[in-house]
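# Working through the structure, step by step
Chain residues, written in single-letter form:
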Amino acid sequence: MDVYFDNAASTIITKEVLDEMIKCQKDIFANPSSVHKFGRKAKTIIENCRSIISSKLKTSPGNIFFTSGGTEGDNMAIFSIARSKKIKNIITSRIEHPAVLQPIEHLMKNEKIFSHFVDTDKNGNIDYQHLSCLLSKFESNTLVSLMHANNEIGIINDIKKIGEICKKNNAFFHSDAVQTVCHYEIDLSAIYINSIAASAHKFHGPKGVGFIYLSEDTMIDPYIFGGGQERNMRAGTENISSILGMTKAFEIAYKNLEEESKYIYSLKEYMVEKLKNEFSGISFNGLSEFSEKSLNTVLSVNFPKSKSSEMLLFNLDIAGVMCSGGSACSSGTQIKSPVLSEINPEFDGKTVRFSFSKLNNIKEIDYTISVLKKLIL
Ligand code: PLP
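Residues numbered from 1 in each chain as written. Predicted model: local features only at pLDDT ≥ 70, side-chain atom pairs only at ≥ 80, totals over all residues. Heavy atoms only, no water.

## Comments concerning the nonpolar core
Ranked by internal contacts, the top residues of the largest apolar core, which has 52 residues, are Phe 66, Leu 131, Val 144, Ile 162, Val 181, Phe 211 and Phe 250. Contributions of two or more residues to this core are made by helix 1 (15–27), helix 2 (37–56), strand 2 (64–67), helix 5 (128–136), helix 6 (159–168), strand 7 (195–199), strand 8 (210–214) and helix 7 (240–255). Counting residues per element, this core draws most heavily on helix 7, which supplies 9 residues. Formed by 26 residues, the second largest nonpolar core is a distinct cluster that contains Val 3, Ile 264, Leu 312 and Leu 375. (Core = buried A, V, L, I, M, F, W, Y, C linked by side-chain atoms within 4.5 Å. Buried < 20%, exposed > 50% of the residue type's maximum accessible area, 1.4 Å probe, protein only. Helix = DSSP H or I, 4+ residues; strand = E, 2+ residues; numbered from the N terminus.)

This is the structure in C-alpha coordinates:
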(Lines give C-alpha, C1' and ligand atoms only; values in the text may rest on other atoms or scores of the structure.)
Protein backbone atom coordinates (compact mmCIF):
# COMPACT_ATOMS: atom_id res chain seq x y z
CA MET A 1 0.00 0.00 0.00
CA ASP A 2 1.28 3.49 -0.85
CA VAL A 3 0.38 6.24 1.57
CA TYR A 4 1.14 9.85 0.67
CA PHE A 5 1.45 11.88 3.86
CA ASP A 6 3.70 14.62 2.49
CA ASN A 7 1.09 17.17 1.44
CA ALA A 8 2.89 20.09 3.07
CA ALA A 9 5.69 19.43 0.54
CA SER A 10 3.29 19.14 -2.39
CA THR A 11 -0.26 18.04 -3.08
CA ILE A 12 -1.75 15.86 -5.81
CA ILE A 13 -3.09 17.85 -8.75
CA THR A 14 -6.80 17.07 -9.14
CA LYS A 15 -8.48 15.94 -12.36
CA GLU A 16 -10.63 19.07 -12.72
CA VAL A 17 -7.50 21.22 -12.53
CA LEU A 18 -5.56 19.07 -14.96
CA ASP A 19 -8.43 18.97 -17.47
CA GLU A 20 -8.68 22.75 -17.42
CA MET A 21 -4.92 23.08 -17.99
CA ILE A 22 -4.80 20.59 -20.87
CA LYS A 23 -7.70 22.32 -22.59
CA CYS A 24 -5.94 25.64 -22.18
CA GLN A 25 -2.63 24.29 -23.54
CA LYS A 26 -4.50 23.03 -26.62
CA ASP A 27 -6.77 25.99 -27.27
CA ILE A 28 -5.05 29.08 -25.95
CA PHE A 29 -1.79 29.37 -27.82
CA ALA A 30 -1.61 33.10 -28.52
CA ASN A 31 0.60 35.47 -26.59
CA PRO A 32 -1.55 37.36 -24.05
CA SER A 33 0.33 40.55 -24.99
CA SER A 34 -0.77 40.32 -28.64
CA VAL A 35 -3.52 42.76 -29.46
CA HIS A 36 -5.40 40.54 -31.94
CA LYS A 37 -8.48 38.47 -31.10
CA PHE A 38 -6.66 35.35 -29.88
CA GLY A 39 -4.21 37.41 -27.84
CA ARG A 40 -7.05 39.34 -26.24
CA LYS A 41 -8.77 36.05 -25.41
CA ALA A 42 -5.63 34.82 -23.62
CA LYS A 43 -5.29 38.12 -21.75
CA THR A 44 -8.95 37.96 -20.67
CA ILE A 45 -8.40 34.51 -19.17
CA ILE A 46 -5.47 35.80 -17.09
CA GLU A 47 -7.36 38.86 -15.91
CA ASN A 48 -10.37 36.74 -15.03
CA CYS A 49 -8.11 34.54 -12.86
CA ARG A 50 -6.72 37.63 -11.16
CA SER A 51 -10.25 38.83 -10.37
CA ILE A 52 -11.34 35.47 -8.94
CA ILE A 53 -8.34 35.37 -6.61
CA SER A 54 -8.53 39.01 -5.57
CA SER A 55 -12.25 39.03 -4.85
CA LYS A 56 -12.00 35.98 -2.58
CA LEU A 57 -9.09 37.52 -0.65
CA LYS A 58 -11.00 40.84 -0.46
CA THR A 59 -8.58 42.96 -2.42
CA SER A 60 -8.41 44.44 -5.93
CA PRO A 61 -7.17 42.59 -9.03
CA GLY A 62 -4.43 45.21 -9.34
CA ASN A 63 -2.89 43.96 -6.11
CA ILE A 64 -2.33 40.38 -7.33
CA PHE A 65 0.81 39.48 -9.32
CA PHE A 66 1.40 36.00 -10.73
CA THR A 67 4.74 34.36 -9.95
CA SER A 68 6.46 31.00 -10.37
CA GLY A 69 5.55 29.96 -6.80
CA GLY A 70 6.25 30.56 -3.14
CA THR A 71 10.00 30.95 -3.40
CA GLU A 72 9.75 33.63 -6.05
CA GLY A 73 6.92 35.36 -4.16
CA ASP A 74 8.98 35.61 -0.97
CA ASN A 75 12.07 36.74 -2.88
CA MET A 76 10.08 39.29 -4.86
CA ALA A 77 8.43 40.78 -1.78
CA ILE A 78 11.56 40.88 0.37
CA PHE A 79 14.03 42.15 -2.24
CA SER A 80 11.60 44.62 -3.78
CA ILE A 81 10.34 46.09 -0.53
CA ALA A 82 13.87 46.23 0.93
CA ARG A 83 15.27 48.03 -2.10
CA SER A 84 12.31 50.25 -3.05
CA LYS A 85 11.61 51.36 0.50
CA LYS A 86 15.27 51.75 1.51
CA ILE A 87 14.84 49.28 4.35
CA LYS A 88 17.57 49.41 6.99
CA ASN A 89 16.39 46.68 9.36
CA ILE A 90 14.55 43.42 8.75
CA ILE A 91 12.88 41.52 11.57
CA THR A 92 12.12 37.84 11.02
CA SER A 93 12.27 34.59 13.02
CA ARG A 94 14.65 31.63 12.93
CA ILE A 95 11.84 29.28 11.95
CA GLU A 96 10.99 30.88 8.61
CA HIS A 97 11.30 29.00 5.31
CA PRO A 98 14.66 29.32 3.46
CA ALA A 99 12.76 31.26 0.76
CA VAL A 100 12.57 34.05 3.35
CA LEU A 101 15.78 33.53 5.32
CA GLN A 102 18.11 33.28 2.30
CA PRO A 103 17.08 36.59 0.67
CA ILE A 104 17.41 38.30 4.06
CA GLU A 105 20.86 36.80 4.54
CA HIS A 106 21.82 38.02 1.08
CA LEU A 107 20.61 41.55 1.86
CA MET A 108 22.51 41.47 5.13
CA LYS A 109 25.76 40.40 3.49
CA ASN A 110 25.59 42.49 0.37
CA GLU A 111 23.36 45.49 0.95
CA LYS A 112 24.18 46.56 4.49
CA ILE A 113 20.75 45.75 5.86
CA PHE A 114 20.60 44.49 9.44
CA SER A 115 18.53 41.49 10.43
CA HIS A 116 17.01 40.74 13.81
CA PHE A 117 15.28 37.60 15.06
CA VAL A 118 12.14 37.69 17.12
CA ASP A 119 12.03 35.14 19.94
CA THR A 120 9.90 32.02 19.53
CA ASP A 121 8.99 29.51 22.24
CA LYS A 122 9.35 25.72 22.14
CA ASN A 123 6.18 25.42 20.08
CA GLY A 124 7.25 28.05 17.58
CA ASN A 125 4.92 30.75 18.97
CA ILE A 126 6.15 34.25 18.33
CA ASP A 127 6.87 36.49 21.30
CA TYR A 128 4.72 39.47 20.25
CA GLN A 129 6.12 41.61 23.06
CA HIS A 130 9.63 40.99 21.82
CA LEU A 131 8.50 41.97 18.32
CA SER A 132 7.12 45.28 19.66
CA CYS A 133 10.29 45.83 21.61
CA LEU A 134 12.51 45.22 18.56
CA LEU A 135 10.34 47.50 16.40
CA SER A 136 10.40 50.31 18.94
CA LYS A 137 14.16 50.56 18.49
CA PHE A 138 13.88 51.53 14.82
CA GLU A 139 12.24 54.77 13.72
CA SER A 140 11.25 53.73 10.20
CA ASN A 141 12.42 51.80 7.10
CA THR A 142 11.88 48.47 8.80
CA LEU A 143 10.50 45.32 7.19
CA VAL A 144 8.96 42.51 9.23
CA SER A 145 8.78 39.11 7.52
CA LEU A 146 6.89 36.52 9.56
CA MET A 147 5.13 33.53 8.07
CA HIS A 148 1.42 32.84 8.48
CA ALA A 149 2.01 29.17 9.31
CA ASN A 150 5.11 27.05 9.63
CA ASN A 151 5.46 24.22 7.13
CA GLU A 152 7.43 21.90 9.44
CA ILE A 153 5.64 22.15 12.77
CA GLY A 154 2.31 23.67 11.73
CA ILE A 155 2.17 26.59 14.19
CA ILE A 156 -0.07 29.43 12.98
CA ASN A 157 0.87 33.04 13.65
CA ASP A 158 -1.71 35.74 14.28
CA ILE A 159 -0.99 37.90 11.22
CA LYS A 160 -3.70 40.39 12.20
CA LYS A 161 -1.93 41.02 15.48
CA ILE A 162 1.50 41.22 13.81
CA GLY A 163 0.03 43.68 11.31
CA GLU A 164 -1.28 45.88 14.10
CA ILE A 165 2.13 45.92 15.79
CA CYS A 166 3.76 46.79 12.45
CA LYS A 167 1.25 49.56 11.77
CA LYS A 168 1.81 51.07 15.20
CA ASN A 169 5.54 51.10 14.54
CA ASN A 170 5.36 52.27 10.93
CA ALA A 171 6.94 49.07 9.60
CA PHE A 172 6.33 47.12 6.39
CA PHE A 173 4.97 43.60 6.84
CA HIS A 174 5.41 40.60 4.52
CA SER A 175 4.00 37.17 5.29
CA ASP A 176 4.75 33.84 3.66
CA ALA A 177 1.23 32.41 3.42
CA VAL A 178 2.21 29.39 1.32
CA GLN A 179 0.76 26.90 3.82
CA THR A 180 -2.45 28.83 4.55
CA VAL A 181 -3.82 30.22 1.28
CA CYS A 182 -6.65 27.85 0.27
CA HIS A 183 -6.47 26.15 3.68
CA TYR A 184 -7.81 29.07 5.74
CA GLU A 185 -10.01 32.10 5.06
CA ILE A 186 -7.88 35.20 4.53
CA ASP A 187 -9.46 38.65 4.45
CA LEU A 188 -6.77 41.05 3.28
CA SER A 189 -9.06 44.05 3.76
CA ALA A 190 -9.07 43.39 7.51
CA ILE A 191 -5.31 43.02 7.99
CA TYR A 192 -2.55 45.62 7.90
CA ILE A 193 -0.15 43.81 5.59
CA ASN A 194 2.00 44.83 2.64
CA SER A 195 2.48 41.49 0.93
CA ILE A 196 1.76 37.78 1.06
CA ALA A 197 3.17 34.93 -1.03
CA ALA A 198 1.17 31.86 -2.14
CA SER A 199 1.96 28.71 -4.12
CA ALA A 200 -0.47 26.59 -6.19
CA HIS A 201 1.08 23.16 -5.62
CA LYS A 202 0.22 23.38 -1.92
CA PHE A 203 -3.51 23.38 -2.74
CA HIS A 204 -3.86 20.73 -5.46
CA GLY A 205 -2.74 23.07 -8.23
CA PRO A 206 0.25 22.79 -10.56
CA LYS A 207 3.88 23.29 -9.57
CA GLY A 208 5.80 26.37 -10.70
CA VAL A 209 3.02 28.91 -10.28
CA GLY A 210 1.83 31.12 -7.46
CA PHE A 211 1.00 34.72 -6.73
CA ILE A 212 1.84 37.57 -4.47
CA TYR A 213 -0.44 40.22 -3.07
CA LEU A 214 1.01 43.71 -2.81
CA SER A 215 -1.03 46.36 -1.07
CA GLU A 216 -1.70 49.64 -2.91
CA ASP A 217 0.72 51.59 -0.75
CA THR A 218 3.53 49.10 -1.38
CA MET A 219 4.22 50.11 -4.93
CA ILE A 220 7.69 48.81 -5.59
CA ASP A 221 10.18 48.85 -8.44
CA PRO A 222 9.88 46.10 -11.06
CA TYR A 223 11.23 42.74 -9.95
CA ILE A 224 11.91 41.29 -13.43
CA PHE A 225 12.51 43.69 -16.30
CA GLY A 226 11.39 43.05 -19.87
CA GLY A 227 8.17 43.16 -21.82
CA GLY A 228 6.07 44.87 -19.18
CA GLN A 229 3.80 41.97 -18.19
CA GLU A 230 2.14 41.94 -14.76
CA ARG A 231 1.84 45.70 -14.97
CA ASN A 232 5.60 46.07 -15.39
CA MET A 233 6.39 44.32 -12.11
CA ARG A 234 7.34 40.88 -13.38
CA ALA A 235 8.08 40.72 -17.06
CA GLY A 236 7.86 37.53 -19.14
CA THR A 237 5.13 35.86 -21.18
CA GLU A 238 2.57 34.55 -18.72
CA ASN A 239 2.29 30.84 -17.87
CA ILE A 240 -1.38 30.92 -18.79
CA SER A 241 -2.37 27.26 -18.36
CA SER A 242 -0.72 27.16 -14.93
CA ILE A 243 -2.38 30.40 -13.87
CA LEU A 244 -5.70 28.93 -14.99
CA GLY A 245 -4.99 25.62 -13.20
CA MET A 246 -4.04 27.46 -10.02
CA THR A 247 -7.23 29.51 -10.16
CA LYS A 248 -9.36 26.41 -10.66
CA ALA A 249 -7.64 24.76 -7.65
CA PHE A 250 -8.13 27.99 -5.67
CA GLU A 251 -11.86 28.09 -6.44
CA ILE A 252 -12.36 24.41 -5.57
CA ALA A 253 -10.43 24.81 -2.30
CA TYR A 254 -12.44 27.80 -1.12
CA LYS A 255 -15.76 26.38 -2.25
CA ASN A 256 -15.33 23.34 -0.02
CA LEU A 257 -13.12 24.86 2.65
CA GLU A 258 -15.20 24.35 5.76
CA GLU A 259 -16.14 20.77 5.04
CA GLU A 260 -12.66 19.75 3.88
CA SER A 261 -10.87 21.48 6.75
CA LYS A 262 -13.07 19.61 9.22
CA TYR A 263 -12.35 16.35 7.43
CA ILE A 264 -8.58 16.92 7.36
CA TYR A 265 -8.62 17.93 11.01
CA SER A 266 -10.52 14.75 11.89
CA LEU A 267 -7.71 12.74 10.25
CA LYS A 268 -5.12 14.59 12.29
CA GLU A 269 -7.09 14.12 15.50
CA TYR A 270 -7.52 10.42 14.77
CA MET A 271 -3.80 9.96 14.18
CA VAL A 272 -2.89 11.88 17.36
CA GLU A 273 -5.17 9.61 19.42
CA LYS A 274 -3.80 6.44 17.80
CA LEU A 275 -0.20 7.54 18.32
CA LYS A 276 -0.82 8.44 21.95
CA ASN A 277 -2.47 5.08 22.60
CA GLU A 278 0.15 2.97 20.88
CA PHE A 279 3.48 4.63 21.65
CA SER A 280 4.94 5.87 24.88
CA GLY A 281 7.29 8.80 25.11
CA ILE A 282 6.18 10.55 21.93
CA SER A 283 5.44 14.26 21.79
CA PHE A 284 4.10 16.71 19.23
CA ASN A 285 5.62 19.92 17.88
CA GLY A 286 3.91 23.23 17.20
CA LEU A 287 0.91 22.64 19.46
CA SER A 288 -0.16 20.07 16.91
CA GLU A 289 -3.04 18.90 19.04
CA PHE A 290 -4.85 22.25 19.01
CA SER A 291 -6.59 23.09 15.77
CA GLU A 292 -6.93 26.82 16.21
CA LYS A 293 -3.21 27.47 16.50
CA SER A 294 -1.87 24.71 14.32
CA LEU A 295 -2.34 23.71 10.68
CA ASN A 296 -4.87 20.91 10.35
CA THR A 297 -2.71 19.56 7.53
CA VAL A 298 0.50 19.14 9.58
CA LEU A 299 1.28 16.70 12.38
CA SER A 300 4.86 16.83 13.62
CA VAL A 301 5.72 13.94 15.90
CA ASN A 302 8.82 13.35 18.03
CA PHE A 303 9.70 9.68 18.44
CA PRO A 304 12.19 9.11 21.27
CA LYS A 305 15.69 7.89 20.45
CA SER A 306 15.79 4.13 20.08
CA LYS A 307 17.50 1.42 18.03
CA SER A 308 15.02 2.06 15.24
CA SER A 309 14.55 5.83 15.38
CA GLU A 310 17.51 6.80 13.18
CA MET A 311 16.22 4.80 10.20
CA LEU A 312 12.54 5.51 10.84
CA LEU A 313 11.86 7.71 7.80
CA PHE A 314 13.74 5.39 5.50
CA ASN A 315 11.87 2.34 6.79
CA LEU A 316 8.50 4.10 6.57
CA ASP A 317 9.34 4.84 2.94
CA ILE A 318 10.24 1.19 2.29
CA ALA A 319 6.83 0.22 3.73
CA GLY A 320 5.13 2.68 1.37
CA VAL A 321 4.49 5.52 3.84
CA MET A 322 5.77 8.77 2.38
CA CYS A 323 6.30 11.56 4.88
CA SER A 324 9.21 13.78 5.80
CA GLY A 325 11.60 14.72 8.55
CA GLY A 326 11.09 18.41 8.29
CA SER A 327 10.67 20.41 5.14
CA ALA A 328 11.23 18.66 1.80
CA CYS A 329 14.55 20.47 1.42
CA SER A 330 15.89 18.99 4.65
CA SER A 331 14.45 15.48 4.32
CA GLY A 332 16.73 12.99 2.64
CA THR A 333 19.55 14.27 4.83
CA GLN A 334 20.29 13.14 8.36
CA ILE A 335 20.87 16.72 9.51
CA LYS A 336 18.28 18.07 11.91
CA SER A 337 16.35 20.90 10.30
CA PRO A 338 17.11 24.45 11.53
CA VAL A 339 13.45 24.82 12.59
CA LEU A 340 13.54 21.71 14.78
CA SER A 341 16.96 22.67 16.16
CA GLU A 342 15.59 26.08 17.09
CA ILE A 343 12.47 24.92 18.92
CA ASN A 344 13.78 21.70 20.46
CA PRO A 345 17.60 21.73 20.52
CA GLU A 346 18.02 18.93 23.06
CA PHE A 347 15.79 16.40 21.34
CA ASP A 348 17.89 13.51 20.02
CA GLY A 349 15.17 11.19 18.70
CA LYS A 350 13.44 11.34 15.32
CA THR A 351 10.89 13.91 14.23
CA VAL A 352 8.47 12.85 11.51
CA ARG A 353 6.09 15.22 9.74
CA PHE A 354 2.89 13.59 8.54
CA SER A 355 0.96 16.05 6.38
CA PHE A 356 -2.55 15.42 5.17
CA SER A 357 -4.92 16.45 2.40
CA LYS A 358 -8.58 15.90 1.52
CA LEU A 359 -7.46 12.86 -0.51
CA ASN A 360 -6.22 10.92 2.54
CA ASN A 361 -8.33 8.59 4.67
CA ILE A 362 -8.51 6.72 7.99
CA LYS A 363 -7.39 3.44 6.40
CA GLU A 364 -4.09 5.04 5.49
CA ILE A 365 -3.61 6.17 9.07
CA ASP A 366 -4.38 2.68 10.36
CA TYR A 367 -1.85 1.24 7.93
CA THR A 368 0.77 3.80 8.99
CA ILE A 369 0.19 3.00 12.66
CA SER A 370 0.58 -0.73 11.96
CA VAL A 371 3.85 -0.05 10.12
CA LEU A 372 5.10 2.13 12.96
CA LYS A 373 4.25 -0.60 15.47
CA LYS A 374 6.48 -3.00 13.55
CA LEU A 375 9.27 -0.47 13.13
CA ILE A 376 9.46 1.02 16.60
CA LEU A 377 11.17 -1.47 18.85
N1 PLP B 1 7.28 28.87 2.00
C2 PLP B 1 6.77 27.81 2.64
C3 PLP B 1 6.22 27.97 4.02
C4 PLP B 1 6.75 26.55 2.02
O5 PLP B 1 6.26 25.50 2.67
C6 PLP B 1 7.29 26.43 0.71
C7 PLP B 1 7.35 25.11 0.05
O8 PLP B 1 7.82 24.15 0.59
C9 PLP B 1 7.78 27.59 0.09
C10 PLP B 1 7.76 28.78 0.75
C11 PLP B 1 8.31 27.53 -1.31
O12 PLP B 1 7.26 27.41 -2.24
P13 PLP B 1 7.53 26.86 -3.73
O14 PLP B 1 7.78 25.39 -3.61
O15 PLP B 1 6.27 27.16 -4.48
O16 PLP B 1 8.69 27.61 -4.28
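## So, the sheet that holds strand 2
As summarised here, the arrangement of the 7 strands in space is 2-8-7-6-5-3-4, forming an open sheet in which the pairing is mixed. With one partner strand each, in any of the chains shown, strand 2 and strand 4 (114–117) form the two edges of the open sheet. Ignoring which end each strand starts from, the neighbouring axes of this sheet average 20 degrees apart. Direction of pairing for strand 6 (residues 172–176) relative to strand 7: parallel, over a ladder of 3 bridges. For Ser 175, the partnering residue across the bridge sits in strand 7 and is Ile 196. Sitting on the sheet, helix 4 (residues 98–110) is in contact with strand 3 (89–92), strand 4, strand 5 (142–145) and strand 6, with an inclination near 155 degrees to strand 3. (Pairing = 2+ DSSP bridges. Axes fitted to C-alpha atoms, helices over the stretch in contact; angles between N-to-C directions. Contact = heavy atoms within 4.5 Å.)

## As for the pairing of strand 8
Strand 8 sits mainly inside the fold: 5 of its 5 residues count as buried. Taken together, the 5 bridges between strand 7 and strand 8 define a ladder with antiparallel strand orientation. In the strand pairing of strand 8, Ala 197 is matched with Ile 212.

## Description of the packing of helix 8 (residues 257–278) against helix 11 (residues 362–375)
A pair of packed helices is captured by two measures, namely the crossing angle of their axes and the spacing between those axes. Orientation of helix 8 relative to helix 11, taken along the N-to-C sense of each, is 25 degrees, at an axis distance of 10 Å. As the angle between them shows, helix 8 and helix 11 are arranged roughly parallel. Here helix 8 and helix 11 pass one another in a crossing that is right-handed. In this structure, helix 8 contributes Leu 267, Tyr 270, Met 271, Lys 274, Leu 275 and Glu 278 to the contact, and helix 11 contributes Ile 362, Ile 365, Asp 366, Thr 368, Ile 369, Leu 372 and Lys 373. Across the contact of helix 8 with helix 11, the residue classes tally to 8 nonpolar, 1 polar and 4 charged. (Parallel < 35°, antiparallel > 145°, perpendicular 65-115°, else oblique. Left-handed = near helix turned anticlockwise from the far one by under 90°. Nonpolar A, V, L, I, M, F, W, Y, C, P; charged D, E, K, R; others polar.)

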